[in-house]
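# Topology and contacts: notes
What follows is the residue order along each chain.
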Amino acid sequence: MTQAEVDDTLKRIQEHKGVQGYLIINSDGIPIRSSLDASVTQQYAALIKSLSDKARSTIREMDPSNELLFFRMRTKKHEILVAPDKEYTMIVLQATDAS
């Protein structure tokens, strides 16, 4: 995927109704791209990385042939969409009332 394709995809995600922001972290949990402010980016990067690792481990423990591809958490204020992969994890914050 080229940089232009990545930029177009992120722009389309950002334009969806209710999307408040996104961030992409590498496999070490370090933010690569974000539309959120720096403190929120750091907080979500660290916490979601930890949660994603635990969820991935849990899925593999239950069934070693299975793999975590995507998960969604809904709170009173937000929906947090997480798409973990080997090298990067995409996290999208969305307003709960928009879904």
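Residues numbered from 1 in each chain as written. Predicted model: local features only at pLDDT ≥ 70, side-chain atom pairs only at ≥ 80, totals over all residues. Heavy atoms only, no water.

### Here we look at the side chain of His78
What counts here: Working definition: helices are DSSP H or I runs of at least four residues, strands are E runs of at least two. Numbering for both runs from the N terminus. A 3.5 Å cut-off defines polar contacts: any pair of N or O atoms within that distance qualifies, except that in protein one atom must be a possible hydrogen donor and the other a possible acceptor, and neighbouring residues in sequence count only when both atoms are side-chain atoms. The contact definition used throughout considers only heavy atoms, calling two residues in contact when any of these lie within 4.5 Å.
Here His78 shows up in strand S4 (residues 78–84). Polar contacts involving the side chain of His78 include one to the side chain of Gln20, which spans 3.0 Å. Excluding anything up to four places from it in sequence, His78 contacts Gln20, Tyr44, Met73, Leu93, Gln94 and Thr96.

### Examining the sheet that holds strand S2 (residues 31–34)
Rules: Pairs of strands are assigned from DSSP output, requiring at least two bridges between the strands. To get an axis, a line is fitted to the C-alpha atoms, and for a helix only the part in contact is used. The angle between two axes follows their N-to-C directions and goes from 0 to 180 degrees.
Read across the sheet, five strands follow the order S2-S1-S5-S4-S3 without closing on themselves; strand pairing throughout is antiparallel. Two strands in the sheet have a free side with no partner beyond their single neighbour: S2 and strand S3 (71–74). Each adjacent strand pair in this sheet contributes to an overall mean axis angle of 15°, direction not counted. Here seven bridges tie S4 to strand S5 (residues 88–95), and the two strands are oriented antiparallel to one another. Looking across to S5, one finds that Leu81 is bridged to Val92. Across the sheet, helix H1 (residues 3–15) is in contact with strand S1 (19–26), S2 and S5; its angle to S1 comes to roughly 145°. Strand contacts of helix H2 (residues 38–62): S1, S2, S3, S4 and S5, with the helix running at about 60° to S4, the strand carrying the most contacts.

### Here we look at the UniProt feature "domain: Roadblock/LAMTOR2" (unreviewed entry) in the protein
How we decide: UniProt positions are given in the numbering used here, feature names are shortened, and annotations may be inferred rather than shown by experiment.
UniProt records the feature "domain: Roadblock/LAMTOR2" (unreviewed entry) at residues 6–94, using the numbering of this structure. In residues 6–94, the share of helix is 39% and the share of strand is 34%. The end C-alpha atoms are 20 Å apart.

### Things to note about the nonpolar core
The tendency in soluble globular proteins is for nonpolar side chains to be buried side by side. Heads up, the rule is: The set of buried Ala, Val, Leu, Ile, Met, Phe, Trp, Tyr and Cys residues whose side-chain atoms join them within 4.5 Å is what this entry labels a nonpolar core. Type-normalised accessible area, obtained with a 1.4 Å probe on protein chains alone, sets the label of each residue: buried when under 20%, exposed when over 50%, and partly exposed for intermediate values.
Of all hydrophobic cores here, the largest spans twelve residues; its members are Leu23, Ile25, Leu36, Tyr44, Ala45, Ile48, Leu68, Phe71, Ile80, Val82, Ile91 and Leu93. Elements represented by at least two residues in this core include exactly S1, H2, S4 and S5. Element by element, the count of residues in this core is highest for H2, at three residues. With residues near it in sequence (within four places) discarded, Leu36 still touches Gln20, Gly21, Tyr22, Leu23 and Thr41.

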